[in-house]
Amino acid sequence: MKYVLLICDDETCSPSMEEIAADPAYRAFAAEVDRRGASLGGARLRPVADATTVRVRDGETLVSDGPFAETKDFIGGIDIIDCADLDEAIAIAACHPYANRGCVEVRPVWE
Amino acid sequence: MTAPQEVRAAIDTAYRNEWGQVVATLIGATGDWDLAEDCAQDAFAAALSTWPRDGVPDRPGAWLTTTARNRAMDRLRRNAAASTKLRQLAVLSRGPVEPPVDAIPDERLRLIFTCCHPALPFPARVALTLRTLAGLTTAEIAKAFLTAESTMAQRLVRAKRKIVEAGIPYRVPPPELLPQRLSAVAAVLYLIYNQGYDDESGARGLAAEGIHLARVLTRLLPTEPEARGLLALMLLIEARRESRITNGVLVTLEDQDRSRWDRAMIAEGVRTLDDALAMRRPGPYQVQAAIAACHATAPDAAATDWPQIAALYRELARLSPSPVIDLNRAVAVAMADGIPAGLALVDELDKSGRLNNYYLLPATRADLLRREGRVSEAAAAYEAALELAPTDAERRYLTGRLHSL
């Protein structure tokens, strides 16, 4: 059984990767994941300000800024893809079955 | 030596025509939006001090691009980490000073499509287009949109950051994406135009910017009929500007002094529309322009071709469904087929609730009732419209109508 952890907050606090690496609380979390051998990979996401939402309705791809926020929708999973740019990511997102009923949020990975 | 006012005029012209090109070329070479803008600014500052002494160069755009590029190289040399960008710029500098003629449109076009990418928030698309393509300052954009300068600055910073961090490509979209992306670009340019059109005093320059950018777009995309449709629409509306508001009171199309309409601009609008329609790929902007052309070419209000306008609104509602379009269609139907037919459409819209709190719904009903001589019902509808009217000019117009019943 595998799990994906979606880490959500209100983004009022956005520490740098260096700050995270240096923070004892994050180190303790990472040490616990390591001790259990549980890590299958994962990635930190860029903030909501860098999000793009894609929907397909009647065969037309609708692209809009930001997350599909202020709703009760929740994220059901993630795919990690490697693309040339956002347009390619949007094209792949538009192929995902969930784009036809819910939406697919494209978020760049913090690297 | 050149006369100072001539130099000033040359720099103003260059700013208007070349700013977007200079910025686009530098972004294309470095991928760095802030650097591109700073260096374009530097190049124009250099022109201010050099041109009065040495004269205006034969090709101001080439001079400005070269100066901006040299400035960018200076800045990047001071920053060792930017060596990749420096190499790209060096490649650019080995080429001809001025890019080949057919490459110039391309560069600016990339900038337009990137600024208007649908992954950016709409207000940011507008701000970024005005800043990078039209060269408006952040303060000017903030003033035109009644926003604090700090808010506008933040909006621009975030948009530029998102372009880099979300990986928005700096390019003209491939053919399969073009129609959809062109409509995003057109929406931005039309909003810029409308912001200038609606404003009674402050933001008039934006109407000119909107028309200027639409012209650029038609030159860059000569085979896209909707680009021409957009330009035609703006010209046909703009031609009526002088007669639209008199002494702070809105004047309806019917009552406007048609001798004050700009005939040359109407002729250009109609020509542009004809070019677009000849391509036989209709779209919402072409249809709206066709409606505006019907009004603009009618010798007087009574001679307006209402059946044609009603048919065009039906087509427009099909291409881009919206309750506001349905309301406009109701007016056209009332004029073409009789008031009761129009009133029935207005009532249907009212019942649907899709135009709640939109003052033009009761205002339209009031006008149709007035024409039917149903005075007390018309008065009630004018009062309902007054409650919702957004500007003083509109309130004064409605009050005038109410009192003349």
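Since this is a predicted model, take the numbers as computed values, not measurements. (Residues numbered from 1 in each chain as written. Chains lettered and ligands numbered in written order. Predicted model: local features only at pLDDT ≥ 70, side-chain atom pairs only at ≥ 80, totals over all residues. Heavy atoms only, no water.)

How should I be thinking about the overall build of chain B in this particular structure?
For chain B, the helix and strand inventory stands at 19 helices and 2 strands. Dimensions of chain B, computed from C-alpha atoms along their principal axes, come out at roughly 80 × 50 × 45 Å. Counting across all 405 residues of chain B, residues that qualify as buried make up 49%. In chain B, once contacts between residues fewer than 6 apart in sequence are set aside, the share between residues at least 24 apart is 64%. Of the roughly 18,500 Å² of accessible surface on chain B, 53% is carried by carbon and sulfur atoms. (Helix = DSSP H or I, 4+ residues; strand = E, 2+ residues; numbered from the N terminus. Buried < 20%, exposed > 50% of the residue type's maximum accessible area, 1.4 Å probe, protein only. Contact = heavy atoms within 4.5 Å. Areas by Shrake-Rupley, 256 points an atom, 1.4 Å probe, with all protein chains shown as cover.)

Help me understand the side chain of B:R258, please; the structure alone is not making it clear to me.
All names here are of chain B. Along the polypeptide, R258 turns up in the loop between β2 (249-250) and α12 (263-277). D300 is the oppositely charged side chain nearest to the buried, salt-bridge-free R258, at an N-O distance of 6.5 Å. In terms of polar contacts, R258 uses its side chain to reach the backbone carbonyl oxygen of A298, at 3.2 Å. With residues up to four places along the chain from it excluded, the contact list for R258 reads L253, R263, H295, A298, P299, D300 and A301. (Lys, Arg positive; Asp, Glu negative; His and termini not counted. Salt bridge = Lys/Arg side-chain N within 4 Å of Asp/Glu carboxyl O. Polar contact = N/O pair within 3.5 Å; in protein donor to acceptor, adjacent residues only side chain to side chain.)

Hey, could you run me through helix α1 (residues 4-30) of chain B in this one?
For an α-helix, the turn length of 3.6 residues means that residues three or four places apart are oriented alike. All names here are of chain B. Across its 27 residues, α1 extends only 34 Å between first and last C-alpha, which sits more than 12% below the 39 Å expected from 1.5 Å per residue. Its axis deflected by about 55 degrees at E18, α1 carries its strongest bend there. The positive-phi residue at the C-terminal boundary of α1 is G31, with phi of around 70 degrees. (Expected span 1.5 Å × (residues − 1). Bend = angle between axes of the 7 residues up to and from the residue.)

Explanation requested: the pairing of strand β2 (residues 60-65) of chain A in the structure shown.
The side chains of a regular strand alternate between both faces of the sheet. Residue and element names in this part refer to chain A. For strand β1 (residues 52-57) and β2, the ladder comprises 6 bridges, and the chain directions are antiparallel. Within β2, the position partnered with R57 by the bridge is E60. Here β1 folds back onto β2, and the loop between the two strands holds 2 residues, one of which, D58, carries a positive phi near 50 degrees. (Pairing = 2+ DSSP bridges.)

Please clarify how the interface of chain A and chain B should be interpreted in this entry.
Interface size, as often reported, equals the accessible area lost upon joining of the parts. Listed per partner, the contact involves 15 residues of chain A and 15 residues of chain B. A buried area of about 1,200 Å², summed over both sides, lies between chain A and chain B, and 50% of it is on carbon and sulfur atoms. Three residues, A:D65, A:L86 and A:D87, lead the burial of chain A against chain B; their summed loss comes to 43% of the area buried on that side. The tally of links between chain A and chain B comes to 3 salt bridges. One salt bridge in this structure joins B:K162 and A:D65, with 3.3 Å as the shortest N-O distance. Here chain A is connected to chain B by 9 residue pairs in polar contact (both at pLDDT 80 or more). Sorting the residues of the side of chain A that touches chain B by element identifies β2 and α3 (86-95) of chain A as the ones contributing at least two each. (Buried area = accessible area lost by both parts, 1.4 Å probe.)

I would appreciate a short explanation of the pattern of salt bridges in the present structure.
When charged atoms on two side chains of opposite charge get close, those side chains can pair. All names here are of chain B. Counting across every chain of the model gives 28 salt bridges over all chains. Among the salt bridges present, the one from R16 reaches E209, with a minimum N-O distance of 3.2 Å. Of the two residues, R16 sits in helix α1 while E209 sits in helix α10 (residues 204-220), which places them 193 residues apart along the sequence. For R16, a relative accessible area of 34% puts it in the partly exposed group. Take E209: its relative accessible area is 11%, and that puts it in the buried class. For D34, the salt bridge is made with K160, and the minimal N-O distance between the two is 2.9 Å. Note that D34 is positioned in helix α2 (residues 33-54) and K160 in helix α8 (residues 149-165), a separation of 126 residues in sequence. For K160, a relative accessible area of 11% corresponds to the buried category. Among the charged side chains, a salt-bridge network with shared partners connects D34, E37, R131 and K160.

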